[in-house]
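Read off the chains here:
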Amino acid sequence: MKFSYDWLADFVDLSGITPVELAEKLTYHAFEVEEVSTYGAKIVGPITAGKIISIEPHPNADKIRLTRVLINDTDTYDIVCGASNIEVDQIVPVALPGSIVINRHDNSPLPIKKSKIRGADSNGMLCSASELGISTDNSNNGGIYILKDSNIKLGTDLIDLLNLKQDYILHIEPRSNRPDVLSHYGMAREIAAIFNLPLKEPKTNINEFSQFQEAFIDLDINIENKEDCPFFSLCGIKNLTDINTPSLIRHRLEAIGVRSINFIVDITNYVLHEMGQPMHAYDYDKLDNSRAFLVRRACNEETITTIDNRLRKLNSTNLVIANNQKAIGVAGIMGGIESEISNSTQNVILESACFDARSVRQSSRSLGLSSDSSLRFERGVIKHMTLNSLNRALYLILNYSIASNPNIKYSKVFQTGDLNEQTNRVSLSFKDLDNTLGVSIDTATVESILNKLGFSVIDKNQFEISVQIPLHRLKDIGESIDLVEEIARLYGYNNIPLEPLETIDHIPHNQNISDKVKENMVGFGFNEIWTSSLIPKKRSRNTDIQVLNPVSQDHEYLRSSLIPGLIQAFEYNLARQHKDIFLFENAYVYKHDSSITSTTLDLKSTGVSQILSLAALCFGSNERQNWLNLSQETTELSFFRLKGILENILVNLNINLNLISWDSCDNEYLHPTRQASIIYNDPSRKIKLGHIGEIHPKLAIDYNTKQRLSLFEIDLDAVQGLIFKDSFKSIANTPFVNRDITIDCDTIISHQSIKWAIISQNYDKLTNLELVGLYRPSDNIKSLTYRLSFQDTSKTLLAQEIDEIIEKIRLNLIEKFNVSFRGL
Amino acid sequence: MTDQEISTQLQSIKKEALTALSHCDTLDLLENWKQAYLSRKSKFNDILKNLGKIGDVDTKKTIGELANTIKDELLKTFDEACTTLNAKFLNEQIQKEAIDVSLPGISYKPGHYHPLSQICQNIAQIFSSLGFEQVFGPEVETNYYNFDALNIDADHPARDEQDTFYTSIAPHVLLRSQTSTVQIRSMEKTRPPLKIISIGRVYRNEEINARKYPIFHQVEGLYVNSKVSFGQLKWTLQKFINAFFERDLKIRLRPDFFPFTEPSAEVDCECPFCDTKGCKTCGHKGWLEILGCGMVHPNVLKNVGENYQGYSGFAFGMGVERLAMIKYGIYDIRYFYNNDLRFIGQF
Ligand SMILES: [Zn+2]
């Protein structure tokens, strides 16, 4: 929202306070001023009203003429002028030597001095609107600005009259809880409190114009529901003539970004921005000549064309003003085009009302229409300002009209509703104040701050103070903590001293699991990615949670797996010429328990579980470019490289790999014969931790590459539950013995089943088993070489003892898998 | 044989041996030489064996001494030859094995943390050292935790569908729009005093542009105890800002409004990149807007129940992306979610 420094100064004396100082104080004590900008060019006087008394041709030039201008009762100036729209007896702005106006060619400052133009003396300049920095609607482009008011006194200082002063605009976004400052008067009230200056009231005393009052109209107002509209007032004005908006009003409206339309509309907008009260004016002659005004909810199927020239279908959420049964405006939002004010409007009905905030909000939402007016009603207008504002508008209209229009008349104010508001008192304990802020503020300071803000003290003792809340703060002040804030900000947040926290009472536990896996993954050469947890339908599963109001189709479902995000990031980078892509993400996935329906869910529960997941993707090699040509890529390397990394992660998390099995799996996006589910087995339970695999060849075709892509995803919450730290085992000094055995078996027999068949026998001297070789002598036979380590912690093992164990293993494997042992 | 003959013979063997030794250019030849001239079966030894037959003691002694001298000399020369040859071979091997040490090392390509991870870890660490315990909360939330319990009334604009994502699960189930939900959840779980920090993902229905993304991350801090003050809040934030930017920076507070705190403030710190002179990072303001904070609103404490009666607290919240953008000079929030390796590789 924009505030004019010049306008604010109407209500609080800002002399000696620069716009920048004002902005800074406001920022530290009330509202952030985001920017201070200037409005209008810097014009310097003397610029006066002068009357053209003669126009002669220039002896040496065709397009310029010699004028003589009277600038007071006696003094005349000879001025050369190139404009064609001037005539004798016109009153025009005259820039005298020493003044500075605007160069209309490049907007640079144009100093005026005595000069000779083609041999003729010129002692000043007759000015156009653009040379004075004012916008006009009479577009005599480049022509001299003709002052229409024939009563203007020659020699009048036009800097003041035309409001040619440069203005400063403060950009402030007042907070949602402070509707009282959505106006210049309201903001000035805040400034007055901060600077401890008196607040000047806007002129509203229409009794000054009582001779123009006449009972020419009798209006009848009815309100269907007082909750929608607690107060409604109207006033009639007749015999208006088409007058220009006074330059002060126009200038100020334009300065804060409001377009000037016509005198009456400009006045209603001016009052809105000055008093914070939205106003509306109807062209009375365009109404049905009915005295009956009704504030009611719209009927279904009712329509109105609003002044933005759009036909709007109304419904019962819309409050309307009806005249003779017909809607003439949407209450608090926008008027109807039929009764819109025009330049030729002669008779006007002015409306000032108080509409319920929620009602206007709902109405505005249902129409998808908001306005300066609705924004203020939605935040809540100050009830007692309704009539003041009507009087203010009336005052301004009369004040600017009577000089040129002695026939203007206004009616009495017709009103329905109650303006009285219940005010409340609040008490504040001085001890609570000091404890909350951590500084002791003396009671006199507290009282003075509250007074400045308009709180009147009702009662006071050494422990607490009771105050009455001013009417304009009823919306945001209600309890003692609200007073604490008021006192703190006027005292100055930056004047409150720092106070150390007394103790460090938390010593962090172990590194959390996320930090640990991230450290590991980065160490293995993976790059961490953060992907959107909102994913498009095409990457989602049909059980994923749907967002009802997505920002776009790309963010419509809540992910239940990190894989879609990984693949998307992979594709993004593959398209950018990366050859080796190693990615991981450690983040949450979300699963909805479908047995919980919205009817069985209590209002504090969601039925959603949030699971910490780890997923990784590897594509290509994580080695640097290998100029030694050592590696031989086989198609299986990708899978086993990733599996090895996952095994290391699990080991680093203290998971016993001997309890993990790699079982068959049927993930649709993974290679059907190159994927596994990762299962934790101990005697009491089987827990699925995740899955690993190569991407399905049919998906890989899209990547147009021969390199393999492998992925895994594991549930870290499940893993965390399995972490088991073994106690220390003493180190045996007896030697260990390695023996290699080579087994030929059918290819369908898995390494895992052979390994488990051996391990499950719990041979007590067998301490380790490792696969050290694999080859395939024929298509359906594979040959596996295992290195078995034997140790007896109490003595050196005899060869015979080892032979016995190996014989047991052999018999066991032959029985189970019909294998053959080489060399035995 | 006369002793003179023996002596001459010895001298000639010596000469022969030395000549032969000088031709030995492999370790095998050296070994053969040793066998030929110094072993038990060598000529030299044959002569020494015959010394016993010499009757004259003096002659025996003279010849013996001569033989020993020659033997020692041959041994010494042999050892020298061995040393020289070994040195030569080692040198040859060394020369042969020369590598271009400037060739690239062979290892894994380094992985990289996402910048937001680093910022989150950094923040968690700083607050941990100030005694704040890290806690986590759900992102799929209810109206109650996201709004009601936080003193955000039904008419507050933030509750509008235009700002918050609602889900298909139930009308009251939404994606949290702020991490302040964790305040309530933690207070419900734990008796005071409470000193927590929570870093997590939040969601807002906003069009994507350089400054806004529908998901982002916040840090939420909460301290509740029997007598907590605004001055302590200022102290805590001052410590955090100094630690985060690794410099002592002035802070300043401006009044602001949040439904769940009162008094509420917005905190700026001096721009560490331009010493308040104004630069691109601070939008030429000289100050950086860092976070929002305030004293926990009494209604919030009331909402969590009896355990918190008579307690007071402070809370603060800040945007992780914003802090990362400031710290690294990143000007477009979308970089964080594109996951371009050319971006991540820089951190
Ligand atoms: Zn800066």
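Residues numbered from 1 in each chain as written. Chains lettered and ligands numbered in written order. Predicted model: local features only at pLDDT ≥ 70, side-chain atom pairs only at ≥ 80, totals over all residues. Heavy atoms only, no water.

Things to note about the overall build of chain B
Test applied: A run of DSSP states H or I qualifies as a helix once it reaches four residues; a run of E qualifies as a strand once it reaches two. Both are numbered from the N-terminal end. Here the globule rule is a power law, 2.2 Å times the number of residues to the power 0.38, and the radius of gyration is based on C-alpha atoms. Only heavy atoms matter for contacts: two residues are in contact if any of them lie within 4.5 Å across the pair. The Shrake-Rupley method, run with a 1.4 Å probe sphere, supplies the accessible areas, and residue values consider only the shown protein chains as cover. Residues counted as positive are Lys and Arg, residues counted as negative are Asp and Glu, and His and the chain ends are not counted. For this purpose, a charge sits on NZ of Lys, CZ of Arg, CG of Asp or CD of Glu.
The helix and strand tally for chain B stands at 12 helices and nine strands. For chain B, the C-alpha radius of gyration of 44 Å lies well beyond 20 Å, the compact-globule estimate for 347 residues. Principal axes of the C-alpha set define a box for chain B whose edges measure 135 × 50 × 45 Å. In chain B, the proportion of contacts linking residues at least 24 apart, taken out of those at least 6 apart, comes to 67%. Counting only carbon and sulfur atoms, one obtains 50% of the accessible surface of chain B, whose full area is about 16100 Å². Distance between charge centres in chain B, computed from 40 positive and 43 negative side chains, equals 2 Å.

Concerning the overall build of chain A
Going by this rule: Only protein chains enter the accessibility calculation, which uses a 1.4 Å probe; a residue whose area is less than 20% of its type maximum is buried, one above 50% is exposed, and one in between is partly exposed.
Assigned secondary structure in chain A consists of 19 helices and 40 strands. Its C-alpha atoms give chain A a radius of gyration of 43 Å, more than 25% over the compact-globule value 28 Å for 824 residues. Taking the principal axes of its C-alpha atoms as reference, chain A extends roughly 135 × 80 × 60 Å. The buried share among the 824 residues of chain A stands at 51%. Within chain A, counting contacts between residues at least 6 apart in sequence, those at least 24 apart form 70% of the total. Carbon and sulfur atoms make up 47% of the accessible area of chain A, which amounts to about 39200 Å² in all.

Overview of the packing of helix α1 (residues 3-22) of chain B against helix α3 (residues 43-50) of chain B
Residues and elements named next belong to chain B. The condition is simple: Every axis corresponds to a line fitted to the C-alpha atoms, with the helix fit spanning only the stretch in contact, and the corresponding angles, defined between N-to-C directions, vary from 0 to 180 degrees. For this classification, under 35 degrees means roughly parallel, over 145 means roughly antiparallel, 65 to 115 means roughly perpendicular, and everything else is oblique. What makes a crossing left-handed is the near helix being turned counterclockwise from the far one by less than a right angle; a clockwise turn instead makes it right-handed. Under the convention adopted here, Pro, Cys and the residues Ala, Val, Leu, Ile, Met, Phe, Trp and Tyr are nonpolar, Asp, Glu, Lys and Arg are charged, and Gly plus all remaining residues are polar.
Their axes nearest at 10 Å, the elements α1 and α3 cross at an angle of 160°. Between α1 and α3, the angle is such that the two are roughly antiparallel. When you trace α1 past α3, the crossing you get is left-handed. Contacts between α1 and α3 involve I6, Q9, L10, I13 and E16 on the former and, on the latter, K43, F44 and I47. In terms of residue class, the contact of α1 with α3 is made up of five nonpolar, one polar and two charged.

A word on the environment of B:F44
Residue and element names in this part refer to chain B. You can see F44 is positioned in helix α3. Its relative accessible area of 2% is what places F44 among the buried residues. In this structure, the C-alpha to C-alpha distance between F44 and I70, residues 26 residues apart in sequence, is 9.6 Å. Setting aside its immediate chain neighbours within four residues, F44 contacts L10, I13, Y37, A67, I70 and K71.

Quick notes on the interface of chain A and chain B
How we decide: By definition here, a salt bridge exists when the distance from a side-chain nitrogen of Lys or Arg to a carboxyl oxygen of Asp or Glu is within 4 Å. Under the rule applied, a polar contact is a pair of N or O atoms within 3.5 Å (in protein, one hydrogen donor and one hydrogen acceptor; residues adjacent in sequence only if both atoms are side-chain atoms).
Listed as interface residues are 91 residues of chain A and, on the opposing side, 97 residues of chain B. The tally of links between chain A and chain B comes to three salt bridges. Across the salt bridge formed by B:R254 and A:E32, the nearest N and O atoms sit 3.2 Å from each other. Counting every contact that joins chain A to chain B gives 41 residue pairs in polar contact (both at pLDDT 80 or more). Counting residues per element, the side of chain A that touches chain B draws most heavily on helix α12 (residues 480-491) of chain A, at six residues. A per-class count over the side of chain A that touches chain B returns 36 nonpolar, 31 polar and 24 charged.

Considerations on the coordination of the zinc ion
Residues and elements named next belong to chain B. Heads up, the rule is: Coordination partners: N, O, S within 2.8 Å of the metal, 3.2 Å for Na, K and Ca; water not considered, so apparent gaps in a site are possible. Every geometry call rests on angle ranges, with four donors termed tetrahedral when all angles are between 85 and 135 degrees, four termed square planar and six termed octahedral when opposite donors are over 155 degrees apart and all others are between 65 and 115, and everything else termed irregular.
Around the zinc ion, the protein contributes the donor atoms C271 (SG), C274 (SG), C279 (SG) and C282 (SG), which lie 2.2 to 2.3 Å from the metal centre. Classification of the site at the zinc ion rests on its four donor atoms, whose angles at the metal span 103 to 114°, yielding the label tetrahedral. When the donors of the zinc ion are listed by position in the chain, the intervening gaps give C-x2-C-x4-C-x2-C. Taken together, the positions of C271 in the loop between β7 (261-270) and β8 (287-296) and C282 in the loop between β7 and β8 put the pair 11 residues apart, joining distant regions of the chain. With respect to burial, C271 and C282 carry one shared label: buried.

Things to note about unusual backbone geometry
Following B:P192, the chain continues into B:P193 via a peptide bond in cis, with omega recorded as 0°. A cis amide bond, omega -5°, links B:E262 with the succeeding residue B:P263. Among the secondary structure elements, B:P263 is positioned in strand β7. One non-glycine residue, A:N818, lies in positive phi territory at about 55°. In this fold, A:N818 is placed in the loop between α19 (799-817) and β40 (820-821). Its identity as a non-glycine residue notwithstanding, B:D275 has a phi of 50°, on the positive side. Note that B:D275 resides in the loop between β7 and β8.

Some points on the domain arrangement of chain B
Basically, it comes down to this: Residue ranges for the domains originate in an automatic or database domain assignment.
Here chain B is partitioned into domain 1 (3-97) and domain 2 (115-344). Domain 1 of chain B and domain 2 of chain B are separated by 91 Å when their C-alpha centres are compared.

Some thoughts on the nonpolar core
To be explicit about the condition: Throughout, nonpolar core names a set of buried Ala, Val, Leu, Ile, Met, Phe, Trp, Tyr and Cys residues whose side chains join them through atoms within 4.5 Å.
Of all hydrophobic cores here, the largest spans 212 residues; its most connected members are A:L22, A:L26, A:F232, A:F355 and B:F316. Looking at this core, the element that brings in the most residues is helix α9 (residues 385-401) of chain A, giving nine residues. Dropping the residues within four chain positions of it, B:F316 is found in contact with B:F127, B:F132, B:I197, B:V219, B:E220, B:G221, B:L233, B:L237, B:G292 and B:C293. Of all hydrophobic cores here, the second largest spans 34 residues; its members include A:V517, A:L612, A:I649 and A:L653.

A few points about a nonpolar patch on the surface
So the rule is basically this: Patches draw on residues past 30% relative accessible area with no salt bridge. Two like charges within 9 Å are joined, as are two nonpolar side chains (Val, Leu, Ile, Met, Phe, Trp, Tyr) within 5 Å.
Side chains of A:W627, B:L103 and B:I106 sit close together on the surface and give an oily, nonpolar patch of about 260 Å² of accessible area. For A:W627, the location among the structural elements is in the loop between β32 (608-619) and α15 (637-652). Assessed through its relative accessible area of 35%, A:W627 is described here as partly exposed.

Some thoughts on the pairing of strand β38 (residues 766-778) of chain A
Each regular strand carries side chains that alternate between the two faces of the sheet. All names here are of chain A. What counts, and what does not: For two strands to count as paired, DSSP must find a minimum of two bridges between them.
Pairing analysis gives nine bridges linking β38 to strand β39 (residues 781-790), with the strands arranged antiparallel. Paired with L769 across the two strands is L788, which belongs to β39. Adjacent in sequence and paired antiparallel, β38 and β39 are bridged by two residues.

Overview of the confidence of the model for chain A
Put simply, the rule is: The pLDDT value expresses, per residue, how confident the predictor is, ranging between 0 and 100.
When pLDDT is averaged across chain A, the result is 91; 96% of the residues are at 70 or more. Mean pLDDT per element in chain A: helix α3 (residues 158-161) of chain A is the minimum at 82, and strand β27 (residues 527-528) of chain A is the maximum at 98.

Considering the packing of helix α18 (residues 751-759) of chain A against α19(A)
The relative placement of two packed helices is expressed as an angle between their axes plus a distance between the axes. All names here are of chain A. At a closest axis distance of 10 Å, the pairing of α18 and α19 adopts a crossing angle of 135°. In terms of orientation, α18 and α19 fall into the oblique class. Crossing geometry of α18 relative to α19 is assigned as right-handed. Contacts between α18 and α19 involve S753, I754, A757 and I758 on the former and, on the latter, I809, N812, L813, K816 and F817. Of the residues belonging to the contact of α18 with α19, the class tally is six nonpolar, two polar and one charged.

Section: the domain arrangement of chain A
All names here are of chain A. Just so we agree on the cut-off: In short, buried area is how much 1.4 Å probe accessible area vanishes from two parts on joining, totalled over both.
According to the domain assignment, chain A contains domain 1 (2-40 + 167-195), domain 2 (47-161), domain 3 (206-417), domain 4 (428-469 + 478-495), domain 5 (513-720) and domain 6 (737-822). Just the C-alpha atoms count here: the centres of domain 1 and domain 3 sit 27 Å apart. The interface is formed by 20 residues belonging to domain 1 together with 17 residues belonging to domain 3. Between domain 1 and domain 3, roughly 1600 Å² of surface is buried when both sides are summed, and carbon and sulfur atoms account for 59% of that area. When the buried surface of domain 1 facing domain 3 is broken down by residue, W7, Y39 and L182 rank first, second and third, together holding 40% of it. Counting across the domain 1 and domain 3 interface gives two salt bridges. Among the salt bridges present, the one from R252 reaches D10, with a minimum N-O distance of 2.6 Å. Scanning the region where domain 1 abuts domain 3 turns up eight residue pairs in polar contact (both at pLDDT 80 or more). If you list the elements that add at least two residues to the side of domain 1 that touches domain 3, you get β1 (2-4), α1 (5-8), β12 (167-172) and α4 (184-195). Looking at the side of domain 1 that touches domain 3 residue by residue, the classes come out as nine nonpolar, five polar and six charged.

Remarks on the side chain of B:N339
Within the secondary structure layout, B:N339 lies in the loop between α11 (335-338) and α12 (341-344). By relative accessible area, which is 2% here, B:N339 ends up buried. Reaching out from B:N339, the side chain makes a polar contact with the backbone oxygen of A:W530 at a distance of 2.9 Å. Those residues in contact with B:N339 that lie beyond four places of it in its chain are A:I529, A:W530, A:T531, A:A569, A:N573, B:H114 and B:I344.

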